[in-house]
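Now for the letters of each chain:
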Amino acid sequence: MTDRPRQFYRLETAAALVRLPPARIRRYVRIGLVRPVRVAGRTAIFGDEELARLRKISRLGDHLGLNDAGIEVVLRLLDEIERLREAVDARSGAPDERA
């Protein structure tokens, strides 16, 4: 794992990096599929984790053909799997091998 500084991006830059229209990202934020790190006034700020989630959303929708409701279900399940893995790792004292 690298210790590079965390970077933050405005909506327009994030949209270009993940190759999604800004309007679609705004919709994903509005329906709760992704949460900006912070909102300064009316400007949404996204970090690397949010960009990774947007890429995942794009793959689920554009490449697998899921609608927003399907994407929401899949993301919820993936988030729960990650929480369960972390809980198991914490209980067993095992280091995280996915990093």
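Preceding this section is the structure that the text describes.
Residues numbered from 1 in each chain as written. Predicted model: local features only at pLDDT ≥ 70, side-chain atom pairs only at ≥ 80, totals over all residues. Heavy atoms only, no water.

A. Quick peek at the packing of helix α1 (residues 11-18) against helix α2 (residues 22-30). One can describe the packing of α1 onto α2 by two numbers: an axis separation of 9 Å at closest approach and a directional angle of 105 degrees. Looking at the two axes, α1 sits roughly perpendicular to α2. Where α1 abuts α2, its residues L11, E12, A14, A15 and V18 lie against P22, I25 and R26. Counted by class, the contact of α1 with α2 contains six nonpolar, no polar and two charged residues. (Axes fitted to C-alpha atoms, helices over the stretch in contact; angles between N-to-C directions. Helix = DSSP H or I, 4+ residues; strand = E, 2+ residues; numbered from the N terminus. Parallel < 35°, antiparallel > 145°, perpendicular 65-115°, else oblique. Contact = heavy atoms within 4.5 Å. Nonpolar A, V, L, I, M, F, W, Y, C, P; charged D, E, K, R; others polar.)

B. Quick peek at helix α3 (residues 48-63). Given a rise of 1.5 Å per residue, 16 residues ought to cover 22 Å, and the 21 Å separating the end C-alpha atoms of α3 matches this to within 8%. Taken together, the buried positions of α3 are occupied by E50, L51, L54, I57, S58, L60 and G61. Its buried side turned inward, α3 meets β1 (8-10), α1, α2, β3 (43-47) and α4 (68-92). Count one or two residues on from α3 and you reach G65, which has phi positive near 80 degrees. (Expected span 1.5 Å × (residues − 1). Buried < 20%, exposed > 50% of the residue type's maximum accessible area, 1.4 Å probe, protein only.)

C. Structural detail: the packing of α3 against α4. Put simply, α3 and α4 touch, their axes get as near as 10 Å, and they point 130 degrees apart. Put simply, α3 runs oblique to α4. By crossing handedness, the relation of α3 to α4 is classed as right-handed. On α4, the residues that touch R53, K56, I57, L60 and G61 of α3 are I71, V74, L75, L78 and D79. Its residues assigned to classes, the contact of α3 with α4 shows six nonpolar, one polar and three charged. (Left-handed = near helix turned anticlockwise from the far one by under 90°.)

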